[in-house]
Structures are given as C-alpha cells and as structure tokens.
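So you can see what is in the structure, the chains are spelled out below.
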Amino acid sequence: MSTPTGRIRLTPHFESNLPSRNRKASLWQVLFRLSTTIGMIVLALLLYTVVNQAFGLVAIDNKVDPASFAVDGVQIEELDQETLIAVIEENVSKGKFRQLEREQPLAERTWEEVYQVVIDDVVEPKDIVGTWPLVESLTRKEEILAEVEQEHPQATVEFTSWIDPQFVTSPQSSDVLEAGVRTALLGSLLIIAITIVVALPIGIGAAIYLEEYASDNWLNRTIQTNINNLAGVPSIIYGMLGLAIFVRMLEPLTSGAIFGLTDPTTANGRTILSAGLTLAILVLPVLIINVQEAIRAVPNSLREGSYGLGGTQWQTIWHHVLPNAMPGILTGAILSISRAIGETAPLVVIGAATYITFDPDSPFSKFTTLPIQIYQWTSRAQGEYHNIAAAAILVLLMLLLSLNATAILLRNRYSRK
Amino acid sequence: MLTSDSIIAIQAHNLNVFYGDFRAVKDVDLSIERKKVTAIIGPSGCGKSTVLRSFNRMNELVPSARSEGQVLFMGQNIYDRQVDPVEVRRRIGMVFQKPNPFTKSIYENVAWGARLNGFKDGIGKPSMDEWVEHCLRKAALWDEVKDKLTQSGLSLSGGQQQRLCIARTLAVSPEVILMDEPASALDPIATLKIEELMRELAEEYTIIVVTHNMQQAARVSDYTAFFSMNDDRAGYLVEYGPTTQIFTIPQNKMTEDYITGRFG
Amino acid sequence: MISRTTEANPLHRRPRRGEFLIRGFLFFCGAFSILTTLGIVYELSKEALLFFRNPAVNLLEFFTGTKWQPQAGAFGVLPLVTATLITTAIAMLIALPLGLAVAIYLSEYASTKARNTLKPVLEVLAGIPTVVYGYFALTFMTPFLRSIFGRDVVDIYNMASGGLVIGILILPLITSMSEDALSAVPRALREGAYALGATKLETAVKVVVPAAISGLAAAFVVGISRAIGETMIVAIAVGAGPNFTFNPFKGAETMTGHIVRISGGDLSYDTIDYDSLFAIGLLLFVITLGLNIISQRIVRRFRETYE
C-alpha cells in the first residue's frame, strides 16, 4: 500500500511573477467595473434622448396669407357675418364645420366670435416649420430665433412641452400640434383588461396544477417542457397565431357579429377582443413559470400542517399555499402585464388600425395601442413626429413605472402580513 | 525574530479573531515547530478551524472577519499591510475537509497551481511532467492514476480526490501545510492512508492538522494543542505540548476530562 | 363532520366531487399550453404549405434565392435570413463580452452595495419596451454612427444601429443567466484556488468560469434566440425592404421586420403575400425553437459531468 515517495529532492524552479499577476488582476478588475457602468450609461443616454425630444422650441407659421381670403376685393376684417360663415365653410373640412356647428351654430354667434373662428381655423392653420430638441433650445436659442426670422418671418417661436395633460387627453389627429394619445391609451388599457381576465386564471391554474397536482409522468413532463419552450418563442409568432385564429377563424366571435354588435366601420375580427386574447396567450408561458416559482417557494411544512389536520388538497392550496405565495404571484402577474403593455409586433400583425379618432368603446372596436402609436409616429419622416413620439414614450414609461411601483408596494405590504 | 532556520515555523501572538462583533477566538499564543505534525483538537465550535484559517489568511474571504494580534512566519507578521495574502497562501497551503478538486483533468489539477505561480522548466530543473509525477508520488496517488492523467479529477473516489488535493498543494512547494479535518469525509481505509501520508510529509513540510478524532491526533502528531470554549463562546487554548505528554500526563484538568471522554 | 355515506366504516373514502372538478379544471389550464403549441404548428404549417404549393414558388429557390420580390415572382428568403444573421451577430458581439464581464463582476467582485445599485439598473433596462429601443436606435444610434463613420458610409436605415441596440436589449438577459451560472459554482472550488495562492482574477477566470461553462453556453444560445426574434427595433431602424448585402452599414430587412411591415399594410387573406408570411414565420419558429432546445440540452448534458 505504501508507495515510494521519492527520496530524490526535486527542487522546482518558480519564477517570481507575483507583481505582474497582481497588475493584471487590477487591470481586469477595472475593466469589469467599467463594463458595469456601460449599462448605466446606456440607460442614461436613452432617457436623455427621449427627454431631449419631448421638450423644445417649435416654430409655427401660418400656412396661408390672410389677404387671400378676401371676397370681391374686400378684406376679411370688413366682411359681414354671413360672408364670413361662407368663407369658413369653404375653407374648412366638412368634419370641422360640423363640429363647429355642434358646439354652437355660427349664425347664433357674435360677429367677433365668428371672426375669431376665421382667424383660428381658416387663416392660421398652424404649420410647423421646425422643431428643436431641449438641449439645443436652451443653448442655441439666439441662433435659432435668427434662423427662423430669416426663413419664415411670419412664424412664431415658442417653447413647448410636447407632453402635457392635453397630450394625454386628446385623440389622434393628423395635426402634430393637436395630436394626443387618448385613443391609444384607452386601447392599451382595454386590451390589457381583457388580457388580465383571461391570462391570470389560466396561468395561476396551470401553475397550481404543475406544482401541486401533477405526478412525474410523461404527460406532465411534456407539458412543462412545452411551457418552457413557448416562453422562448418570439412574440411576433404569437401575433401570427392571433391573426390566423382570432382574427380570421373566429371572426364571427371576435368581430361581434354573433352578438350583432359589429363596429360599423369594419366588420372584421381586428378588434380589441382579438388583441386581448392574443396577448393573453403570449404572456401565459412566462406567467406560469413565475407563479410556479412563487408556489415552489412556499415551505412544505405549511402544507404538512394543513394535511395533518385532515385538510383536502384543494383546501390546503386555497387556504394556505396561495395566500403564502401571493407576493410572488402578484409580482409575476405585474411583470407579465408590464410586458404585455409594451408589446407592439404581435398587435401590428393582428391589424391595429392606423388612424382612428374615436375612442374604443367596446371589445369589438378597432384598436390602436400606445406602443403602436409610438411606432407609427417614429416611422414618419417629418421631424416633428419624433417629438410627439418622444412624448408618447414618456407617457408609456410613466405608466410602466407606476405599475411596477405598485407591484413593489403590494409585495411589501403582503409580505409584512 | 523568526528566520527560516529557526525551529519555530509559525508563531501566533495574542491572536483574536472576530466575526463582526462576535469573538470566535481569544488570546491565542501558539508556537508551531518546523517539520513536525501538530494536531489541534477540542470540542466542536471552539474555533479550531478559525485558528487554522488565520494561519493562511483564509478567514479574510468572509467579509465580516477581522483578526487582531500577530501571526509570525518567515520573520514577519503575515497580517502586516505590506504582506500579500496571495503569496502567504502559496507558502502556507491548505487541504480542506471535503475534497474539492477542480473541474479539470488529474494532470491539470496538479499542474495548474504550479504554472500559476511561475513554474518554469529548464536545464537541471524538473519539467512539468516530472514535477506532476513527483507530487502525485509524494501524495501516494501516482500508481493509481498514472494511466488516467487526462481523466477528470472528479472521477476519482473520495479518498483519491483528497490525495489529489494534497498533491496539488505540494505542487506549489509550500513550507507549511494546513489540514482542516482532512479525513473526516472519508472511509476508514482512506483515512488510514491519509494519516500515513501525514507522517511521511512531515519529513519535508510542517503539518498542522485540525481533527475532532482524538485517536487520530494521538497516532499521527508530535505536538497537540487542546482548545475549548468558555461561556462567551470564544475559543481559547487550554493546553499545548508534546502529544505523548498531553495524552498521558495532561497538566490541565479540562484536558484530562476531554481526553478520557468525560465531555466533548 | 357528518358522514354522507351509509357505509359502516367511517375511515373509508368519501366522494369529493368538488375536488375532482377543480382538479379537472386545473389540468385543463395546464394542458392549454399544448393547445397553443399545436395551434402555432398547425397554422404556420397550413399556410406555409399553401405558399409552397403555389406554382410561382420553388422550394429550392426559397432557400437559396437572393431576391425577395413578390411582384417579380422572386421568392428567395436569403436576404431576410442574412439580415437577421448580421444584426444578431452584431448584437452578440457586444452583448456577450459585456454581459459576461458584468456577470463576473457581480458574482466575484461586487460588494452588496454595488450589487444593490447595479441589479435594479439591469432590471430597468430589461423592462423597457422594444419600441422605445427602436426609437433610440433611430434617433440616437444612427446619427451617432453617421457622425463617426461618415454620412456616406452609413445609411439612414442600417443593420449596425439595429444590431447594437439589440445587443443592449439582451444584455440584461445574458448578464442574469451568466450570473446565475457563476453563482452556482460551489464556494469550495474557489477556496481551493485561493489556497494555492491564486489571485481573484485567476480564480474567477481559470476556475469559476470553466466550471460554469454549461450555464454560460446556455445563456449565449438563449441570447441568440432572443436577438433573432426581435422585431420592433429592426422595423424602425434597420430598413424597409429586403436587401441581400453583408455590409452592416446598409439597410436591409430581417425576417421579423418583413413580417411586420407586410402585415401592417393592406393584406388580404389567401393571397401569396399572406401565405408567404407564414412560410417565413415557420422558418423563424423552427430556428428559435431549435436554439432553445439546444440550450436546454447543453445544460442537461454538462450538468451530469460536473457533479
């Protein structure tokens, strides 16, 4: 059993290399630390870019010279009310005219009011001739004013915050200054409501099944692997699934035809209902995995206490496991909702409407969402659309921030209980 | 002043080790004799491992750990600011309770540490192959692995893995080898092999071994240090002396009680 | 507890119908996911088959043709595939080294305080919607690249911007998966290295990383899969038309970008354009599914040899 340990005294040669090793170690430590700051730098850059575009100077010019509206050589300041109303009707879109009449018939207004309408809506339809981001607006103000003075002497330059309460409450519009995200925001909220109602019960149910009921057999293992795989499928594929099944195959259901409630402008399945259902299927796998983890974290001693008193499996789950896992379940749910709110590609595939001005009021309405609105505005060539896109991004980020903050609050409150 | 010629390899002066506010080891004065086997025994929780780990500054890997006092080695307090713990650990090696070979081949396990510390072959100096074989022989493992040097270190049995860990420690040419209950995770036969190894290694290296097995200490060591702990749960040195003396005519009643099995 | 049975033995089983129903409902929930997968496979295959059956389409041409112009009857998918590959490669080029470096820092060097500042930053980065990243790519990254390389070298729509921002998008994913893998390496292994007189760097790079290699490889593969499936960033910043080129500074269209552009316009059912989308979708699905399965296999196989 004993082996010769070698009486030969071997003296190996070690070259002293400690200083260089230590230097190398310090160098790489710095590099590692540097790479972590890149994450923070990128985040800062991103926020800077968005905020920079969301505020700034805008130069607004009149499109048309007031003199061109003169009737028979008489300038508009001198025209009587009837002629003014005729001028308005000629130069304003039908929809706008109807809106004006609805607010208060023009014939019943005073001359001053009608003249004001002429000024507001006929003579000065606003045209944006230039926008500048925040930093530039602050540092190069004089130069910008001079530039605008030169090229568009009629234009006014003012500092605007593209994001303001009016932005949130205004509907879509082709006019950049008028446009708001209300339609998109409502669309997002309605769709998410449907997603929550559908995905949460099924997701939590599936997680409970897999963690508490499923025995280790072939079928259940397949289900688990399947869910893990689904979590990695690109979101656009879910969009295509939604298109094929909810929009096309189930069109009678999703367009409301069965209930006779179809949207008059489109009788097809590209509705809020389809969008909500598609997003539900999309978030389901990740939601299930998160809830599974929350349930797994509940200590077995808790279950054993309940069984030991003669509780049934469902009683144990409902009265002990679920309440205990609630913080984790809530966190998982809110993460999934956050993800769903930000999803764009699947909804574009399903067929988000490109231009709707009325608010969605039923599950069978056409829809657009906040991310889709951002996408559309960003894709426009004119620079001013980038400004309102930035404003919309800020709205979206604030929505997500408040959602996640609520999640953290709820989680803290529940775990203290 | 301790030099490489003196009889004492490591000397602890007033050593106190804290984890945060808790004092784990209190006022230890201990002189370890060169090229002898010194055993550290005592009931569990009395700081034996902590004392051992303070000899190669492994305690520092725990963020809340703090040492006060001195540990002298090669004429210096190893806790001095200028002393590099990396260099200390090369010269004072350690074998752990549970064998922890690297996820590399058997050959690489042994060669890695040596290469790291600047091993160079040359005229009249051993090549890496020769050095690896030498270390494996010294660890009494060569015959069992010489045909499978490229296999993973994890493919060996527990006892073999532990001897592999000893071999890789030898490969960096330390002067002192610390062993923290090296055989407690092994079966009796493997344990005996390790004990035999300890005695052989003592011809060239200073061995300090922590063990909770008194019979092992009596069999293997030249000197024994007995630790215990007070109500404040700080470990302290009760008695230290030649093994034969500790086990036959202990000076301290507590030592005698422990050895005769009245407590611990 | 009133026994509802007239059995003589009170210990015998009682029918609990409520439990049974609940169990059935829960099983349905679990099995629902199988329906989803079946749905995906069925729909994609059905339409793709229609596409391939169309006389204007040639299977060989589909996989090898370098032109995708439906009006001209050219249905070669290579331009879309190369665009996907190039943007993904650029993304991995920055995400992998950076992600690994951050993961090593987090698991081997970082104090609790550093970790508590860094992890939330990564979580925020991961939670930003991809359309916002797309905006960032168009309004910051592209001008930035153009100012460095010149406006004539870099087009307004180009693959490099998209690729770089996709890299940023998947950085948190790679970091967190890599960090999990590194942290799973037992402490004892690190201690063995330290005891031999190794520095922290040497221990991290030469002992811990090799031991965690399976988890790191899985992270790598998952990152690629995610980058391939990314849509909005490429739709906004990379380009609006298929273009078979290897120059990253030119615009092109990836598989995902193409699908989103076509379906965002006027699309009638049962046209060749409609069916072609599903063919591309099927290809995309197969690629990402394959990658995910590979990553799971890697983890399983290497885990056996490690323990």
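Scope of this entry: the structure provided in the associated data block. (Residues numbered from 1 in each chain as written. Chains lettered and ligands numbered in written order. Predicted model: local features only at pLDDT ≥ 70, side-chain atom pairs only at ≥ 80, totals over all residues. Heavy atoms only, no water.)

Considerations on the overall build of chain C
Note the following rule: Secondary structure elements are defined from DSSP: runs of H or I of at least 4 residues count as helices, runs of E of at least 2 residues count as strands, and each element is numbered from the N terminus. Only C-alpha atoms enter the radius of gyration, while the globule expectation follows 2.2 Å times N to the 0.38, with N the number of residues. Accessibility here uses a 1.4 Å probe with only protein chains present; expressed as a share of the type maximum, an area under 20% marks a residue as buried, one over 50% as exposed, and anything in between as partly exposed. Residues count as neighbours in contact if any of their non-hydrogen atoms are within 4.5 Å of one another. Only the protein chains shown count as cover for residues, and the accessible areas themselves come from Shrake-Rupley with a 1.4 Å probe. Note that His is not counted, nor are the chain ends; the positive residues are Lys and Arg, and the negative ones are Asp and Glu. Think of each charge as sitting on NZ of Lys, CZ of Arg, CG of Asp or CD of Glu.
When helices and strands are tallied, chain C shows 12 helices and two strands. Against the 2.2 N^0.38 benchmark of 19 Å for 307 residues, chain C shows a C-alpha radius of gyration of 26 Å, more extended than a compact globule. Considered along the principal axes of its C-alpha atoms, chain C spans approximately 85 × 65 × 35 Å. Relative to its 307 residues, chain C shows a buried fraction of 54%. A separation of at least 24 residues holds for 69% of the contacts in chain C among residues at least 6 apart in sequence. Of the roughly 14,000 Å² of accessible surface on chain C, a fraction of 64% belongs to carbon and sulfur atoms. Side-chain charges in chain C split into 25 positive and 21 negative, and the spacing between the mean points of these groups amounts to 9 Å.

Digging into the overall build of chain A
From N to C terminus, chain A includes 17 helices and three strands. Expressed as a percentage of its 417 residues, the buried residues of chain A come to 47%. Long-range contacts, defined as pairs at least 24 residues apart, comprise 74% of the intrachain contacts of chain A with a sequence gap of at least 6. Surface summary for chain A: the accessible area is close to 20,300 Å², and the carbon and sulfur share equals 58%.

A word on the interface of chain A and chain C
Let me state the cut-off plainly: What gets called buried area is simply the loss in accessible area from a 1.4 Å probe that two parts show on being joined, summed for both. A carboxyl oxygen of Asp or Glu within 4 Å of a side-chain nitrogen of Lys or Arg is what we treat as a salt bridge. For the purposes of these results, a polar contact is taken to be a pair of N or O atoms within 3.5 Å, where, inside protein, one atom must be able to donate a hydrogen and its partner to accept one; residues adjacent in sequence count only when each atom of the pair is a side-chain atom.
The interface is formed by 72 residues belonging to chain A together with 71 residues belonging to chain C. Roughly 6,500 Å² is buried in total at the junction of chain A and chain C, and carbon and sulfur atoms are behind 76% of that figure. Considering only the surface of chain A that becomes buried against chain C, A:F32, A:M240 and A:R248 emerge as the three largest contributors, covering 11% of it. Two residues, C:E47 and A:R248, come together in a salt bridge whose shortest N-O distance is 3.5 Å. Seen at the junction of chain A and chain C, the total is 10 residue pairs in polar contact (both at pLDDT 80 or more).

What about the pattern of salt bridges?
Per the counting criterion, the structure on display carries 29 salt bridges over all chains. Residue B:E133 is joined to B:R137 by a salt bridge in which the shortest nitrogen-to-oxygen separation is 3.0 Å. Taken together, the residues span about one helical turn, with B:E133 and B:R137 both in helix 4 (residues 128-138) at a distance of four residues. A residue is classified by how much of its surface remains accessible, and B:E133, at 26% relative accessible area, is partly exposed. The exposure class of B:R137 is partly exposed, given its relative accessible area of 26%. Between C:K119 and C:E179 there is a salt bridge, with the nearest N and O atoms lying 3.1 Å from each other. With C:K119 in helix 4 (residues 112-127) and C:E179 in helix 6 (residues 159-183), the pair connects residues that are 60 residues apart, well separated along the chain. We classify C:K119 as partly exposed; its relative accessible area is 35%.

Notes on helix 4 of chain B
Residue and element names in this part refer to chain B. The complete set of buried residues in helix 4 reads M128, W131, V132, H134, C135, L136 and K138. For helix 4, the secondary structure elements touched by its buried residues are helix 3 (106-116), helix 5 (142-145), helix 6 (158-170) and helix 7 (188-201). Among the residues trailing helix 4, A140 stands out with phi positive, at a value near 60°.

Here's the deal with the side chain of B:T38
Within the secondary structure, B:T38 is located in strand 3 (residues 37-41). Residues within four places of B:T38 in sequence aside, it is in contact with B:I32, B:I207, B:I208, B:V209, B:S221, B:Y223 and B:Y240.

A word on the interface of chain B and chain C
Of the residues lining the interface, 23 residues belong to chain B; the matching set on chain C comes to 18 residues. Where chain B abuts chain C, roughly 1,700 Å² becomes buried across the two surfaces, and 66% of that area is made up of carbon and sulfur atoms. Taken as a group, B:T103, B:W112 and B:L116 account for 28% of the area that chain B buries against chain C, more than any other trio of residues on that side. Summed over the shared surface of chain B and chain C, the number is one salt bridge.

Here's the deal with helix 14 (residues 313-342) of chain A
Worth spelling out the cut-off: Helix span, expected: 1.5 Å multiplied by one less than the number of residues in the helix. The angle between axes fitted to the seven residues ending at a residue and the seven residues starting there is what we call the bend at that residue.
Look at helix 14 of chain A: only 38 Å from first C-alpha to last across 30 residues, short of the 44 Å you get at 1.5 Å a residue. A:M326 marks the point of greatest bend in helix 14 of chain A, at about 60°, and the proline A:P327 comes within the next four residues.

A short note on empty space enclosed by the protein
All names here are of chain A. Spelled out, the test is: Definitions used for this entry: grid spacing 1 Å over protein atoms alone; cavity, a set of points where a 1.4 Å probe fits but cannot get out; pocket, an open set with protein on both sides within 12 Å along at least 5 of 7 lines; lining residue, one with an atom within 4 Å of a point. Grid points are joined across faces, edges and corners, and a volume is the space filled by probe spheres set on the points. Residues are grouped as follows: Ala, Val, Leu, Ile, Met, Phe, Trp, Tyr, Cys and Pro are nonpolar; Asp, Glu, Lys and Arg are charged; all remaining types, including Gly, are polar.
As enumerated under the stated definition, the model contains five cavities of 30 Å³ or more in all. Its volume calculated, the largest cavity comes out at about 70 Å³. If you go around the largest cavity, the residues you meet are I192, T195, I196, A199, L200, V283, L287, A333, S336, I337 and A340. Those elements giving two or more residues to the lining of the largest cavity turn out to be helix 8 (182-213), helix 12 (272-296) and helix 14. Its residues placed into classes, the lining of the largest cavity shows nine nonpolar, two polar and no charged.

Details of the environment of B:R89
Secondary-structure assignment places B:R89 in helix 2 (residues 85-91). C-alpha separation for the pair B:R89 and B:I166, spaced 77 residues apart in sequence, amounts to 14 Å.

Brief notes about the pairing of strand 9 (residues 223-229) of chain B
All names here are of chain B. Going by this rule: Between any two strands, at least two bridges found by DSSP are needed for them to pair.
A large share of strand 9 lies buried, amounting to six of its seven residues. With seven bridges joining them, strand 9 and strand 10 (residues 235-242) adopt antiparallel strand pairing. By the bridge assignment for strand 10, F227 is matched with L237. If you look at the hairpin formed by strand 9 and strand 10, you'll find five residues sitting between the two strands, and R233 has a positive phi there, around 60°.

Describing the side chain of A:T344
Assignment of secondary structure puts A:T344 in the loop between helix 14 and helix 15 (345-350). Here the side chain of A:T344 touches A:G342 through a polar contact of 3.3 Å, landing on its backbone oxygen. With residues up to four places along the chain from it excluded, the contact list for A:T344 reads A:P371, A:I372, A:Y375, C:V131 and C:M232.

Observations regarding the packing of helix 16 (residues 370-379) of chain A against helix 5 (residues 130-149) of chain C
Selection criterion: Axis definition: a line fitted to C-alpha atoms, over the contacting stretch in the case of helices. Angles run 0 to 180 degrees between N-to-C directions. For this classification, under 35 degrees means roughly parallel, over 145 means roughly antiparallel, 65 to 115 means roughly perpendicular, and everything else is oblique. Note on convention: near helix rotated counterclockwise from far helix by under a right angle means a left-handed crossing. Clockwise means right-handed.
For the pair helix 16 of chain A and helix 5 of chain C, the least separation of the axes is 9 Å and the interaxial angle reads 15°. With respect to their mutual orientation, helix 16 of chain A and helix 5 of chain C come out roughly parallel. For the element pair helix 16 of chain A and helix 5 of chain C, the recorded crossing hand is left-handed. Of helix 5 of chain C, the residues touching helix 16 of chain A (which contributes A:P371, A:I374, A:Y375 and A:T378) are C:V131, C:Y135 and C:L138. Of the residues that constitute the contact of helix 16 of chain A with helix 5 of chain C, the class distribution is six nonpolar, one polar and no charged.

Describing the environment of B:K138
In this fold, B:K138 is placed in helix 4. A sequence separation of 29 residues divides B:K138 from B:A167, and the C-alpha atoms of the two residues are 7.2 Å apart.

As for the pairing of strand 1 (residues 8-19) of chain B
All names here are of chain B. Pairing analysis gives eight bridges linking strand 1 to strand 2 (residues 22-33), with the strands arranged antiparallel. Of the residues in strand 2, the one forming a bridge with Y19 is F22. If you look at the hairpin formed by strand 1 and strand 2, you'll find two residues sitting between the two strands, and G20 has a positive phi there, around 70°. Pairing between strand 1 and strand 4 (residues 65-73): eight bridges, direction antiparallel. When the sheet's bridge partners are listed, Q11 is paired in strand 4 with L72.

Observations concerning the nonpolar core
Most often, soluble globular proteins keep nonpolar side chains buried together rather than apart. To keep things clear, this is the line we draw: Throughout, nonpolar core names a set of buried Ala, Val, Leu, Ile, Met, Phe, Trp, Tyr and Cys residues whose side chains join them through atoms within 4.5 Å. For the domains described, the bounds stem from an automatic or database domain assignment.
Judged by nonpolar contacts, the single largest core of 162 residues is most densely connected at A:F167, A:W377 and C:Y133. For this core, the leading source of residues is helix 12 of chain A, giving 15 residues. Three or more residues apiece are contributed to this core by two domains, here domain 1 (56-160) and domain 2 (182-416) of chain A. Other than its neighbours up to four places away in sequence, A:W377 contacts A:F167, A:A179, A:G180, A:V181, A:Y385, A:H386, A:I388, A:A389 and A:A392. B:F119, B:M179, B:M198 and B:I259 belong to the second-largest nonpolar core, a separate cluster that totals 48 residues.

Describing the packing of aromatic side chains
To keep things clear, this is the line we draw: Note on ring pairs: Phe, Tyr and Trp rings are taken, using the six-membered ring of Trp, and paired if centres are within 6.5 Å. Classes follow the plane angle, with under 30 degrees stacked, over 60 edge-to-face and the rest tilted. Our definition puts a charge over a ring when NZ of Lys or CZ of Arg is within 6 Å of the ring centre and also within 35 degrees of the ring normal.
Overall, the coordinates contain 25 aromatic pairs over all chains when judged by the stated rule. Relative to A:F32, the ring of A:W28 lies with its centre 5.8 Å away and its plane at 45°, an arrangement referred to as tilted. Taken together, the residues A:W28 and A:F32, both in helix 1 (residues 18-54) and four residues apart, mark about one turn of the helix. Judged by relative accessible area, which is 36%, A:W28 ranks as partly exposed. One aromatic cluster is present, formed by C:F51, C:F52, C:F62, C:F63, C:W68 and C:F75 through successive ring pairs. A:R380 extends its terminal NZ or CZ atom over the ring of A:Y385, reaching a point 4.3 Å from the ring centre. Sitting over the face of the ring of B:F18, B:R66 holds its NZ or CZ atom 4.4 Å from the ring centroid.

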